[in-house]
Amino acid sequence: MISSPIWLPATLMAGGMQAWRTAVQRRVGKSLSINGAGLVRYLYGLPFALLMLAAYRLTFPAPFPSVGGLFLLFCLAGGLAQIIATNLLLMAFHHRNFVVGTAYSKTEAVQSAILSFLLMGERLSAPSLCGIGCGVGGIMLLSTGGRRMGPLDFLKALGQPAALYGIASGFFFALTAIGIRRAAQEVGGSDPIHAALIVLAVTVALQTVMQGGYLLLRESGEMRRVLASWRVSGQVGFLSAAGSACWFTGFATAPVALVRIVGQVEVAFTLVFGHFYLGERMKRSEAVGLMLVALGVILALAGAL
């Protein structure tokens with residue numbers, strides 16, 4: 001159920017910011033471990049998350065809303081799932097390029113549709129379901145990396161590490177979305193943006209403790225490198241916090257699967273950043289795949305109207 005039209009612009013903004021953040025984070029990841037590169041988005045994102053919440057409350061004064069008894073549990077579950085998803089995505093990047101790694105993770109749209117139906121009873125219209133199929137088809141075309149592949153070659157490619165890590169990343173991103181939506185539903189009041197910012201601040205704080213604690217226990221030397229990379233990592237933190245604020249607003253106001261389908265516009269931004277920021281060439285098959293993704297988004301929006 002869509003409770004506010006703000007979900008659409010928030011989701012479109014989230015896609016652009018996430019692609020930008022992932023591109024910057026991939027550069028940071030070249031000098032850090034998987035866990036170190038994952039931590040920067042939470043450690044450096046926390047101050048920005050708190051600032052956004054404080055600024056919103058100052059701009060729109062209101063009593064602090066009550067929260068349900070399961071609020072912290074859903075924040076914790078969603079935050080942990082996002083940590084795992086991010087680490088898996090970074091691992092996919094080590095095996096294939098930025099665009100292909102992201103493409104595999106975008107199977108989260110269809111996984112979100114299945115999980116949100118099973119766990120939350122959310123249903124989508126027929127055009128939106130067609131949009132999922134079209135978008136996933138485009139993403140699979142993108143995942144070929146421009147190579148001509150027959151059905152058997154494609155099945156073999158799905159068994160490669162990049163595909164397995166990317167698809168697993170999509171699964172945990174889908175769980176993240178469900179956890180965040182449920183956490184937002186535990187926040188009282190009628191302001192979805194306020195609820196999203198509260199969930200964001202609490203979730204990022206929990207993620208900083210979880211992944212930061214793990215890094216201190218298992219990779220203590222890596223923490224010094226994380227702190228030393230503050231110039232670039234600060235950019236990751238800002239983009240992560242801003243992008244997550246948009247995602248969380250989308251999850252708080254619309255079905256998870258619908259947000260994830262429209263959020264596939266991130267693939268378009270990913271191609272742009274991969275081409276201009278990381279110097280990766282765009283192939284003809286990637287352009288066709290991009291058009292299929294765009295058609296999937298249009299169908300999803302048509303189904304939501």
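Everything that follows concerns the structure shown earlier in this document.
Student: How should I be thinking about the nonpolar core in this particular structure?
Tutor: Where a protein is soluble and globular, its nonpolar side chains tend to be buried together. Ranked by internal contacts, the top residues of the largest apolar core, which has 54 residues, are F71, V199, L200, F248 and F251. The dominant element in this core, judged by the number of residues it contributes, is helix α10 (residues 192-218), at eight residues. Residues contacting V199, with those up to four places away along its chain left out, are F71, C75, I180, A183, A184, V187 and F248. Judged by nonpolar contacts, the second largest core, of 16 residues, contains A37, F93, F173 and L215.

Student: I'm lost on α10 in this one. Help?
Tutor: It helps to recall that an α-helix has 3.6 residues per turn; residues three or four apart then point in one direction. With 27 residues, α10 extends 38 Å from end C-alpha to end C-alpha; this agrees with the ideal 39 Å at 1.5 Å per step. In this structure D191 caps α10, since a side-chain oxygen of it lies 3.1 Å from the backbone nitrogen of I193.

Student: Looking at this model, I keep getting lost on helix α2 (residues 34-43). Mind explaining?
Tutor: The element α2 is largely enclosed, with a buried count of eight among its ten residues. N35, G36, A37, G38, L39, V40, R41 and Y42 are the residues of α2 that are buried.

Student: Mind showing me how you'd approach the packing of aromatic side chains here?
Tutor: Here a ring pair, both rings aromatic, is described through the centre-centre distance and the interplanar angle of the planes. Tallied over the entire structure, the rule returns four aromatic pairs. Relative to F60, the ring of Y56 lies with its centre 4.8 Å away and its plane at 45°, an arrangement referred to as tilted. Where W247 meets F251, the ring centres are 6.0 Å apart and the plane angle is 15°; that geometry is what we call stacked. With a gap of four residues between them, W247 and F251 both fall in helix α12 (residues 230-253), about one helical turn apart. Overall, the relative accessible area of 5% leaves W247 in the buried class. Sitting above the plane of the W247 ring, R260 keeps its charged end 4.7 Å from the centroid.

Reading the values: the criteria
- Residues numbered from 1 in each chain as written.
- Predicted model: local features only at pLDDT ≥ 70, side-chain atom pairs only at ≥ 80, totals over all residues.
- Heavy atoms only, no water.
- Core = buried A, V, L, I, M, F, W, Y, C linked by side-chain atoms within 4.5 Å.
- Buried < 20%, exposed > 50% of the residue type's maximum accessible area, 1.4 Å probe, protein only.
- Helix = DSSP H or I, 4+ residues; strand = E, 2+ residues; numbered from the N terminus.
- Contact = heavy atoms within 4.5 Å.
- Expected span 1.5 Å × (residues − 1).
- Polar contact = N/O pair within 3.5 Å; in protein donor to acceptor, adjacent residues only side chain to side chain.
- Phe/Tyr/Trp six-rings, centres within 6.5 Å; stacked < 30°, edge-to-face > 60°.
- Lys NZ or Arg CZ within 6 Å of the ring centre and 35° of its normal.

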